[in-house]
Amino acid sequence: MKTEADPTALAEDIRDLDVSDVTVIVCSSCRDETASDARPRAGEFLAQDTARAAASENIRVRQVECLGNCKRRLSAALLRDGCWSYVFGDLTTESGPDLITGAKLFATATDGILPWRGRPDSLKRGLVARIPPLAIVKDIS
Ligand code: FES
């Protein structure tokens, strides 16, 4: 029987979920610490690493040219319909598995919020912003 204290139980639960409504967006234009403009850029390597990590998962991975987070180096975002959106920075070219772990964790959310517990450290330390879904944004009165 699975218990909440059993870390493998969480992993098994996540594996069984439909994660098809979560999208990982990776900035392919981000430079590494050398700030070199040479191609391929570090962001492209992160995008490839993320796509590899998602290969056996039903998670969309897409690339974009700049998330407007250039000062925090390698950047990516997690999106899910009707949920908060998350932007991360300070990632590395090997952060793909963390992004996919975060995407699978996000798929478990019933409140539209990426859970803190179980989130990889890189997605805790690297959080830049979270953006609410339009449905919960209130008018200014
Ligand atoms: S170049 Fe990647 S966030 Fe701007």
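Residues numbered from 1 in each chain as written. Predicted model: local features only at pLDDT ≥ 70, side-chain atom pairs only at ≥ 80, totals over all residues. Heavy atoms only, no water.

Caption draft 1: Looking closely at the packing of aromatic side chains. As enumerated under the stated definition, the model contains two aromatic pairs in all. Their ring planes at 15° and their centres at 6.4 Å tell us that tyrosine 86 and phenylalanine 88 sit as a pair that is stacked. Residue class for tyrosine 86 comes out buried when judged on its relative accessible area of 2%. Between tyrosine 86 and phenylalanine 106 the ring centres are 5.5 Å apart and the planes differ by 90°, which places this aromatic pair in the edge-to-face class. With tyrosine 86 in strand 4 (residues 85–91) and phenylalanine 106 in helix 3 (residues 96–107), this pair connects stretches of sequence that are 20 residues apart. With a relative accessible area of 0%, phenylalanine 106 lands in the buried category. Joined through ring pairs, the aromatic side chains of Tyr86, Phe88 and Phe106 make up one cluster. Arginine 130 extends its terminal NZ or CZ atom over the ring of tryptophan 84, reaching a point 4.1 Å from the ring centre. (Phe/Tyr/Trp six-rings, centres within 6.5 Å; stacked < 30°, edge-to-face > 60°. Buried < 20%, exposed > 50% of the residue type's maximum accessible area, 1.4 Å probe, protein only. Helix = DSSP H or I, 4+ residues; strand = E, 2+ residues; numbered from the N terminus. Lys NZ or Arg CZ within 6 Å of the ring centre and 35° of its normal.)

Caption draft 2: Broad picture of the pattern of salt bridges. The tally for this structure, following the rule as stated, stands at eight salt bridges. The salt bridge involving arginine 31 is made with aspartate 37; its shortest N-O contact spans 2.5 Å. Judged by its relative accessible area of 33%, arginine 31 falls in the partly exposed class. One network of salt bridges, with partners in common, ties together Arg31, Asp37 and Arg41. (Salt bridge = Lys/Arg side-chain N within 4 Å of Asp/Glu carboxyl O.)

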